[in-house]
Amino acid sequence: MLARITVLLSGRGSNLAALLAAIDAGGIDGSVTHVVSNRPEAPGLRIAHAAGIATAVVDQRAHAGAGTFDAALGAAVSQGEPDLVVLAGFMRVLAEGFVSAHEGRLLNIHPSLLPLYPGLHTHRRALAAGVRVHGCTVHFVTPEVDAGPIVAQGAVPVLPDDDEGRLAARVLAVEHRLLPMTVGWFCRGDVALEAGRVRFRFSGETETGPSMALISPAPPRTEAPLSRSIPR
């Protein structure tokens, strides 16, 4: 039986599009059955409509307080009876009750290498800090913002001429690979949250060696191997 996936979004929906492409390609044993947005003008809703996916809008501006919004959001999500809820650019902090109701079935994609730069303006903050490696993280959601157990991360180099837009675009390309991959793991039962820790059915081990390392800036081709420069 295919897993039922509800996606929460606030913006353009590019990660939703990446999920749908992966499902069409057979990479995810699941189906996006519902899309919920807190912004009626979110372009991601048009992607859902074009794919024939049921949508709902819980407009945060129509609710006087957080409590009524949280209740309305919970009701909208419950309509889909989801096996998994994916936050794909959902720009709203979730209430503790909502998180508890979906514990272990709530994934978020965040545009930084957590625990670095939780919250907003991650690319700007990475550039200001002068880091050489940046990226994105998929994690299980807990009541503390952007602090849940990490499932997977993808890294990109920060280049000398980067501005916020160029760096964001490079990270987004990795998001479009990382999120479908981790959602696929979840739907196959290959990853789960158990006692507050991420558990994998597979080892998670990959090929090791210098070819697997991301070094930024990349050393010149003429540079001697690192092992030769270490005194014996």
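Computed from a predicted structure; not experimentally measured. (Residues numbered from 1 in each chain as written. Predicted model: local features only at pLDDT ≥ 70, side-chain atom pairs only at ≥ 80, totals over all residues. Heavy atoms only, no water.)

Draft legend 1. Focus on the overall build of the chain. The number of helices and strands found in the chain is 7 helices and 9 strands. Taking all 232 residues of the chain together, the buried fraction comes to 42%. Long-range pairs, those at least 24 residues apart, make up 60% of the contacts in the chain with a sequence separation of at least 6. Accessible surface computed for the chain: about 12400 Å², of which carbon and sulfur atoms make up 55%. (Helix = DSSP H or I, 4+ residues; strand = E, 2+ residues; numbered from the N terminus. Buried < 20%, exposed > 50% of the residue type's maximum accessible area, 1.4 Å probe, protein only. Contact = heavy atoms within 4.5 Å. Areas by Shrake-Rupley, 256 points an atom, 1.4 Å probe, with all protein chains shown as cover.)

Draft legend 2. Up close: the packing of aromatic side chains. This structure, assessed with the given rule, holds 4 aromatic pairs. Consider the rings of Phe 200 and Phe 202, whose centres lie 5.2 Å apart with planes at 50 degrees: the pair is tilted. Ring pairs connect the aromatic residues Trp 185, Phe 200 and Phe 202, which therefore count as one cluster. Seen from the ring of Phe 69, Arg 92 lies directly overhead, with NZ or CZ sitting 4.1 Å from the centre. (Phe/Tyr/Trp six-rings, centres within 6.5 Å; stacked < 30°, edge-to-face > 60°. Lys NZ or Arg CZ within 6 Å of the ring centre and 35° of its normal.)

Draft legend 3. Main features of helix 6 (residues 164-188). Compared with an ideal rise of 1.5 Å per residue, which puts 25 residues at 36 Å, helix 6 spans 36 Å between its outermost C-alpha atoms and is within 8% of the ideal. Capping of helix 6 at its N-terminal end is provided by Asp 163; its side-chain oxygen lies 3.2 Å from the backbone amide nitrogen of Gly 165. The first or second residue beyond helix 6 is Gly 189, which carries a positive phi of 80 degrees. (Expected span 1.5 Å × (residues − 1). Polar contact = N/O pair within 3.5 Å; in protein donor to acceptor, adjacent residues only side chain to side chain.)

Draft legend 4. Focus on the environment of Thr 6. Inspection of the secondary structure assignment puts Thr 6 in strand 1 (residues 3-9). When the C-alpha atoms of Thr 6 and Val 36 are compared, they prove to be 7.4 Å apart, with 30 residues separating the residues in sequence. Discounting residues that sit within four places of it in the chain, Thr 6 has contacts with Thr 33, His 34, Val 36, Val 77, Gly 80, Pro 82, Leu 84, Val 85 and Val 86.

Draft legend 5. Up close: unusual backbone geometry. Note that the residue after Leu 114, namely Pro 115, is joined by a cis bond; omega there is 10 degrees. By the element assignment, Pro 115 lies in the loop between strand 5 (106-110) and helix 5 (122-129). Of note, Tyr 117 is a non-glycine position whose phi angle comes to about 55 degrees, a positive value. Inspection of the secondary structure assignment puts Tyr 117 in the loop between strand 5 and helix 5. On the accessibility criterion, Tyr 117 (12% relative accessible area) is buried.

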